[in-house]
Amino acid sequence: MSSKGGGPALSRRSYRLASDMDKPKVAGFVNEKLLSDYLHHVFSSSKPSQPVAAFRKQLTFQDLGAHLERLLCEGEPAEDSRDLAVDGRLGPPTVVLDHTSGFEGLLLVDDDLLGVIGHSNFSSIRATTCVFKGKWIYEVLISSQGLMQIGWCTLNCRFNQEEGVGDTPDSYAYDGNRVRKWNVTTTNYGKSWAAGDIVSCLIDLDEGTISFCLNGQSLGTAFSNIKIGPGFAYFPAISLSFKESVAFNFGSRPLRYPVEGYMPLQNPPAADLLKAQRLLGYVKNVLSTRIDVQEGKLVEKECSSWQLQGEPTVLVTLAHIFNCFAPLMCKVYLVEDVLMNFLLGILEGGGSVDEHPLIQQLLDLFWLLMEDYEVNECLKQLMMSLLRAYRFSPIIPDLGFQIHYLRLTTAILRHEKSRKYLLSNVLFDVLRSVVFFYIKTPLRVKEAGLEELIPTTWWPSRFDKEGKDEREPREESAEERLRRRAYERGCQRLRKRIEVVEELQVQILKLMLNNKDKGTGEASRYIFLNKFRKFLQENASNRGNPTVLCPPEYMVCFLHRLIIAVRSYWDEGKRKTPGTISSEEAYVPPQLFYNGKVDYFDLQRLGGLLSHLKKTLKDDLASKANIIIDPAEIMATSMDDLDEDEESGAAQRPFGAAAMGGALARPSWLSSPTLGRANRFLSTAAVSLMTPRRPLAPPEKVKVRTLAVEQRTEEDIEGSHGNDGLLLGRPSEEPDQPIAEKSLLEILDGIVMMYNLSVHQQLGKMVVVSDDVHEYALALKDTDEKIARCPARRQDILEELQKSQKVFAEKLNHLSRRLAWINATIYSKEKMLDVYWLLRVCIRTIEHADRTGSLFAFTPEFYLNVAMNSYSALKNYFSPSNSMEELPGYEDTLTQLAAILAKHFADPRIVGTDIKDSLMQALASYVCYPQSLRAVERVSEEQRVAMMKNLLAPYEQRPWAQTNWILVRLWRGCGFGYRYTRLPHLLKTKPEDASLPSLQKPCPSLLLQKHMAELLRQDKEMAASFLNSVLNQLNWAFSEFIGMIQEIQQAAERPERNFVDTRQLKVCATCFDLSVSLLRVLEMTVTLVPEIFLDWSRPSAELLLRRLAQLLNQVLNRVTAERNLFDRVVNLRLPGLESVDHYPILVAVTGILVQLLVDCESQGVSRAAAVLLSDPCFQLHSIQHLLGEREPLCAAAPLPHADRKHFSLHTYTDYISAEEQQKVEQMLSFLTEESKQAAASAAPTSEEDLCPICYAHPISAVFKPCSHKSCKACINQHLMNNKDCFFCKATITGVEDYSKPASS
């Protein structure tokens, strides 16, 4: 590579620059003496005794090569001593993981054989080199903080899926997940590790000890007296569980935390290192020396002001240096130790990156004087080293390390040619570049310096999820106020430091999104866009395989930085092109979803599969969007769907050595720790457990030029004359105005997809720290109260309580500081505004897509999911530190989202069951909170009525439980005794989560009740079918409940110890809750539209009333009978059946009866009473039971226990008003009187006159034309489902009243 011997013509770039002997008068070259002085100054010898300038041999370009070679050989170790095996070590000089025989289980190993990911229960692997004497060290970069055992083992150790390093006699391990050390037995040791930490493993084979360090801090000696001597040599080794990942550094790169006296397992390249440092010194000499030709002397100057100006003397000098320097800059050790540290030193002075142009000049020099492949390799290794350094730097109070590395990254990416090369080939293909946008959360608060930054701790009280009112309002003391303010000041200091890092991360993204740098080919933004889309595809298509996904904590940070960068460019475009819309009004136009220009991979659309939509909606696409689908493509996609099963079957075939050598195409996310692609899959079994991904499908064809994602150019995205680019196929409903640069629209679409893939899930996960603070605060408060009550004589109890108090206080101090960090990086006001902006983008996108009619079906499902989830995140995750009410346009946004939920939960264009269920659940949650319920009421009347009509559709053939729940929430607060938040018997128990929708205060909607009443009143057929379905479901739910409690009771009475299945208990409680909610819907209907049951001119009113009476009597009899099954199961108080109690179900039944028998007009009351009393199941004592009046005991019955409490509505004065109790007493007296009259007037009925079907009522109907007879109740119920006669199967054409003729 380098040319030996000095000649002016350099072999590498063919610089045909003449020497001073050939052309002494060449313009730009200096005279011989000045040149010689310059070269001697630049290439000064490292030897201490140098000849005085007067006696120095004159130096020219002609003999510079030989001179440089002599200088580089000074102090270099002899050739024969360089490659000698180091005493105490056995194995190849390059130390890697043994991927041929030294592993157990399933593992994924990176290309460089230094990074590894566990792919089975507990996999183990060792290195290729062992040590038997001396002191040795290696480092492990922790990429995930799960279960791993890291340390040393001998060749004799045998591992399996259950036992790994440390579980056998001659293996020793440290486990930072469980904070233990392992050598067959285990004891506590060390500290807990986190992703981003570095563990140093040290072995001293002279003393026989093993110790470990975490981020350079010694954890102490872990093992002493280990076996040493002949036959004992130790290999670095690790065991790790599924999807855990690490990277090893045996010495191929500089150790991050070297320990004096300990050697890395792999020798550093000492000779090359010496050369590189000398050559870099010569480069620095060139940069700091200026030739003053006029004065004929050399002038010292600042390096930072140096510029590449094309001076031939300087250029030829640098060319000679780079002739030797360039090949060295392809080696990772030298790039990290020499080049990266030099470039970091340039930026150490502070100031903005723009103030340090030297890095730009040096990169120009690299591209000028190095071969392209050398620059490419050098830049790749430099970025890998920077990323590794950023990721594995410890957190310090001022985040100095992170800022340092990000500044250099920014400086490198400011160089256009370097940026484009890195974007095209490195940042997404080789590196996990998203790491640059991540700010890790410190687990160990003290080491991160948060104690100094936030000296005073405080923990916030829990707020309502809806806003500002506390659950337990109390006055804040002066001391608490001071603590809170001091804590908030500390949080503010922390936030400002984090903002510096975030600003640098945004600058990096802005450089990647630059679309003006077209001078050297395609603009950076379009390279980024294609890589970003591919990144999304990898994460979307591998959602079931966690080892290939971008970790969600990285995604969260990346999303926020990308939103800021995109909005910045969007608003800049708005300023330059006034006709476009601002980022505040941003949305994704609907044509992106169907014109085939953007690849949505296999993601589900609202209308189903894309291939199906293209077939069924091809005419609509042609008429509305002028897009013609090629019939051949429809055929191809159909065949493609048919082939899927074959492909998934083929994926199970075993693969051999070829696959292990890298045949498996895998995304860059497996490159985690070493940042190189991991494509070796190690398995001790013959068959791979990995299913290769399906090859990427080509983009959808439309009658335009479409290309694969990687091949798209700026013209394909932005369009040109007569070509709309990404916005091809604009429907007439869309305004004909520019929105923004089309590339930004696609990035915005990708941001929404990112949120759906994993960001929302991660936002929910991090809330656990806030919940922990709340739990510990409650525990501390409880302990303080116990200490205050503890009697002075019980010192033993007092000491234990004080210990607990100390533990809780320490934990709270730690957690409150950690919470400050999480609030600053994840839940800050700015992050909340980002999520809110995303919610509004989704709402506007859905509204625009909805206007396209049938083409709405092409919209990807994730837009609706993100709209619902982002609202949920704003409501549940960002409070109490930030309130939703403070967001701009909050109420309008709530109303828009309410309109979307109301319209689309029953939209026939949406076919996916999962998304339909999600919409229904979101609407059910929406109506539980006052503010969002008011938003539903603000929706247009037409939409409100349509929503209620959809809710009142018959319950059969659809998921009805959520619908019923919505109707119940609209009623809760209006029903009889239905103003409670929690049931009376559960008041003393602690709810699992007070923010659950079911535990919100009642907030009925009179407006929506009014719409419901009007609909049921006007549409008689719909009212009948709705109520019949409610009665059917009530019959089913209550019957199931009774059947289950019978099984539970039988299990409880068996003498042997029985455990009732928790799932069965859960289903039982669910059936009970459904029965109660169905009864409440019936109560609402009876209250709002009593004529449905009592106006017998309506065709099905009498039948509905009889069915209702029958069910109410069944419920009352089952629940109120003395010593019954229900009583016994309730008294068992089984976990899981907490909601099963007398109160909720009896109060719901009472509400219906009071409405029918007290609140209606007289004719209705008499009809209701007659039907109720005529039901054969009616028992007056069931009504008496409601007020605590027991049925008279027969003589044989034993007396009840004296302490036994009986249910009575009188005991629930906090829940049932005096007026309501009075109505129940009025109803009881009325029924008592009516039943007496009915008994007195009822003539005995002969058996011949009873209905032959039910034998409960007299015959009252005759069928036409066959003249068979039954009671009206039986024939009406039968005709709902069947038109044939009970007896002769003739078709019934009519039913007439029947009255028995008078006897002669």
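Residues numbered from 1 in each chain as written. Predicted model: local features only at pLDDT ≥ 70, side-chain atom pairs only at ≥ 80, totals over all residues. Heavy atoms only, no water.

**Some points on the overall build of the protein chain**
Here's step 1: The secondary structure content of the protein chain amounts to 39 helices and 23 strands.
Here's step 2: The buried share of the protein chain, taken over its 1304 residues, is 54%.
Here's step 3: Looking at the protein chain alone, contacts between residues at least 24 apart form 74% of all its contacts between residues at least 6 apart.
Here's step 4: When the accessible surface of the protein chain is split by element, carbon and sulfur atoms take 52% of a total near 56,700 Å². (Helix = DSSP H or I, 4+ residues; strand = E, 2+ residues; numbered from the N terminus. Buried < 20%, exposed > 50% of the residue type's maximum accessible area, 1.4 Å probe, protein only. Contact = heavy atoms within 4.5 Å. Areas by Shrake-Rupley, 256 points an atom, 1.4 Å probe, with all protein chains shown as cover.)

**Focus on the state of the cysteines**
Here's step 1: Under the definition given, this model contains zero disulfides.
Here's step 2: Among the cysteines around Cys-1068, which has no disulfide bond, Cys-1071 carries the closest sulfur, lying 6.9 Å off. (Disulfide = S-S within 2.5 Å.)

**Side note on the packing of helix H8 (residues 372-391) against helix H10 (residues 416-425)**
Here's step 1: One way to put it is that H8 packs onto H10 with a least axis distance of 11 Å and a crossing angle of 75°. The angle between the axes of H8 and H10 places the two elements in the roughly perpendicular class. Taken together, the residues of H10 that come into contact with H8 (itself represented by Asn-376, Leu-379, Lys-380 and Met-383) are Ser-418, Tyr-421 and Leu-422.
Here's step 2: Tallied by class, the residues present in the contact of H8 with H10 amount to four nonpolar, two polar and one charged. (Axes fitted to C-alpha atoms, helices over the stretch in contact; angles between N-to-C directions. Parallel < 35°, antiparallel > 145°, perpendicular 65-115°, else oblique. Nonpolar A, V, L, I, M, F, W, Y, C, P; charged D, E, K, R; others polar.)

**Considerations on unusual backbone geometry**
Here's step 1: With omega at 10°, the peptide bond leading from Lys-1264 into Pro-1265 counts as cis.
Here's step 2: By the secondary structure assignment, Pro-1265 is in the loop between strand S21 (1261-1264) and strand S22 (1269-1270).
Here's step 3: One non-glycine residue, Asn-215, lies in the positive phi region at around 55°.
Here's step 4: One non-glycine residue, Lys-1289, adopts positive backbone phi at about 65°.
Here's step 5: Mapped onto the fold, Lys-1289 is located in the loop between helix H39 (1272-1279) and strand S23 (1294-1297).

**Observations concerning the nonpolar core**
Here's step 1: Counting residues in hydrophobic clusters, the biggest one holds 327 residues, and the most contacted among them are Phe-528, Leu-562 and Leu-967.
Here's step 2: No other element matches helix H20 (residues 742-789), which puts 18 residues into this core.
Here's step 3: In this view, Leu-967 contacts Met-948, Leu-951, Leu-952, Tyr-955, Met-1012, Phe-1026, Val-1081 and Met-1084; residues no more than four positions away in its chain are not counted. (Core = buried A, V, L, I, M, F, W, Y, C linked by side-chain atoms within 4.5 Å.)

**Focus on the packing of aromatic side chains**
Here's step 1: Scanning the entire structure with this criterion turns up 40 aromatic pairs.
Here's step 2: Taking the centre distance of 5.7 Å and the plane angle of 85° together, the rings of Tyr-174 and Tyr-189 count as edge-to-face. Residue Tyr-174 is located in strand S9 (residues 171-175), and its partner Tyr-189 is located in the loop between strand S11 (185-188) and strand S12 (198-204); the two are separated by 15 residues in the primary sequence.
Here's step 3: On the basis of an interplanar angle of 45° and a centroid distance of 6.2 Å, the ring pair of Tyr-600 and Phe-862 is categorised as tilted. (Phe/Tyr/Trp six-rings, centres within 6.5 Å; stacked < 30°, edge-to-face > 60°.)

**Concerning the sheet that holds strand S10 (residues 180-183)**
Here's step 1: Pairing within the open sheet is antiparallel, and its seven strands lie in the order S2-S5-S15-S8-S9-S10-S11. Single-partner strands in this sheet number two, and they are strand S2 (103-104) and S11.
Here's step 2: Bridging between S2 and strand S5 (residues 122-126) involves two bridges; their strand directions are antiparallel. Note on S5: the bridge partner recorded for Glu-104 is Ser-124. (Pairing = 2+ DSSP bridges.)

**Here's the deal with H20**
Here's step 1: Helix length check: H20, at 48 residues, gives a terminal C-alpha distance of 69 Å against a target of 70 Å (1.5 Å per residue), a fit within 8%.
Here's step 2: Within H20, the axis deviates most sharply at Asn-756, by approximately 50°. (Expected span 1.5 Å × (residues − 1). Bend = angle between axes of the 7 residues up to and from the residue.)

**Remarks on the pattern of salt bridges**
Here's step 1: Applying the stated criterion to the full structure yields 33 salt bridges.
Here's step 2: Across the salt bridge formed by Asp-175 and Arg-178, the nearest N and O atoms sit 2.5 Å from each other.
Here's step 3: Judged by relative accessible area, which is 35%, Arg-178 ranks as partly exposed.
Here's step 4: Here Lys-831 and Glu-502 are joined by a salt bridge, their closest N and O atoms 3.0 Å apart. Taken together, the residues span a long stretch of sequence, with Lys-831 in helix H22 (residues 829-850) and Glu-502 in helix H12 (residues 478-512) at a distance of 329 residues.
Here's step 5: The structure contains a network of salt bridges with shared partners spanning Asp-850, Lys-903, Asp-907 and Arg-909. (Salt bridge = Lys/Arg side-chain N within 4 Å of Asp/Glu carboxyl O.)

**Here we look at the packing of helix H30 (residues 1020-1053) against helix H31 (residues 1062-1088)**
Each pair of packed helices gets described by two things: the angle between the helix axes and the distance between those axes.
Here's step 1: One way to put it is that H30 packs onto H31 with a least axis distance of 8 Å and a crossing angle of 150°. Comparing the axis directions of H30 and H31 gives the class roughly antiparallel. Of the two possible hands of crossing, H30 and H31 adopt the one that is left-handed. (Left-handed = near helix turned anticlockwise from the far one by under 90°.)

**Considerations on helix H9 (residues 400-413)**
Here's step 1: When the terminal C-alpha atoms of H9 are compared, their 20 Å separation across 14 residues agrees well with the 20 Å that a helix rising 1.5 Å per residue should span.
Here's step 2: Summarising burial for H9: eleven of the 14 residues are buried, a large majority.
Here's step 3: Within H9, burial applies to Gln-402, Ile-403, Tyr-405, Leu-406, Arg-407, Leu-408, Thr-409, Thr-410, Ala-411, Ile-412 and Leu-413.
Here's step 4: As for H9, its buried residues are in contact with helix H6 (332-347), helix H7 (358-369), H8, H10 and H12.

**Description of the sheet that holds S22**
Within a sheet, adjacent strands bond to each other through the backbone by hydrogen bonds, running parallel or antiparallel.
Here's step 1: A sheet is described by the order of its strands in space; here three strands give the open sequence S22-S21-S23, paired in antiparallel fashion. A single partner strand is all that each edge strand has here, and the edge strands are S22 and S23.
Here's step 2: With two bridges joining them, S21 and S22 adopt antiparallel strand pairing. Opposite Val-1262, over in S22, you have Lys-1269 as the bridge partner.

**Let's talk about a positive patch on the surface**
Here's step 1: The grouping of Arg-481, Arg-485, Arg-489, Arg-493 and Arg-497 at the surface amounts to a positive patch.
Here's step 2: Along the chain, the position of Arg-489 falls in helix H12. (Patch = residues over 30% accessible without salt bridge, like charges linked within 9 Å, V, L, I, M, F, W, Y side chains within 5 Å. Lys, Arg positive; Asp, Glu negative; His and termini not counted. Charge placed at Lys NZ, Arg CZ, Asp CG, Glu CD.)

**Description of the pairing of strand S15 (residues 235-241)**
Looking along a regular strand, one sees the side chains alternate between the two faces of the sheet.
Here's step 1: The buried fraction of S15 amounts to seven of the seven residues, a majority that puts the element mostly inside the structure.
Here's step 2: What you see with S15 is no split at all: Phe-235, Ala-237, Ser-239 and Ser-241 on one side and Pro-236, Ile-238 and Leu-240 on the other are buried throughout.
Here's step 3: In this structure, S5 lies alongside S15, joined through five bridges in antiparallel fashion. Opposite Ser-124, over in S15, you have Ser-239 as the bridge partner.
Here's step 4: Bridge count for strand S8 (residues 148-153) against S15 is six bridges, and the pairing is antiparallel. Across the sheet, Trp-152 pairs through a bridge with Pro-236, a residue of S15.

**A short note on the confidence of the model for the protein chain**
Here's step 1: Summarising the model, the protein chain shows a mean pLDDT of 81, and 83% of its residues fall at 70 or more.
Here's step 2: This stretch, residues 1-28, has a pLDDT under 50; its non-local contacts, to residues over four places away or in other chains, come to 52 contacts. (pLDDT = per-residue confidence, 0-100.)

**Overview of the environment of Phe-250**
Here's step 1: With respect to the helices, strands and loops of the structure, Phe-250 is situated in the loop between strand S16 (245-249) and strand S17 (263-264).
Here's step 2: Setting aside chain neighbours within four positions, we find Phe-250 in contact with Val-95, Val-96, Leu-97, Leu-114, Ala-127, Tyr-138, Pro-236, Pro-264, Leu-265 and Gln-266.

**Observations concerning the environment of Leu-603**
Here's step 1: Along the chain, Leu-603 turns up in the loop between helix H14 (552-576) and helix H15 (610-616).
Here's step 2: Owing to a relative accessible area of 22%, Leu-603 belongs among the partly exposed residues under this scheme.
Here's step 3: With 259 residues separating them in the primary sequence, Leu-603 and Phe-862 have C-alpha atoms 8.3 Å apart.
Here's step 4: Those residues in contact with Leu-603, other than ones at most four positions away along the chain, are Ala-540, Met-753 and Phe-862.

**Concerning the environment of Phe-862**
Here's step 1: For Phe-862, the position within the fold is in helix H23 (residues 861-876).
Here's step 2: Here Phe-862 falls in the buried class, since its relative accessible area comes to 3%.
Here's step 3: Taking C-alpha positions, Phe-862 is 7.8 Å from Val-752, a pair spaced 110 residues apart along the chain.
Here's step 4: Apart from the residues within four sequence positions on either side, Phe-862 is in contact with Tyr-600, Leu-603, Asp-749, Val-752, Met-753 and Asn-756.

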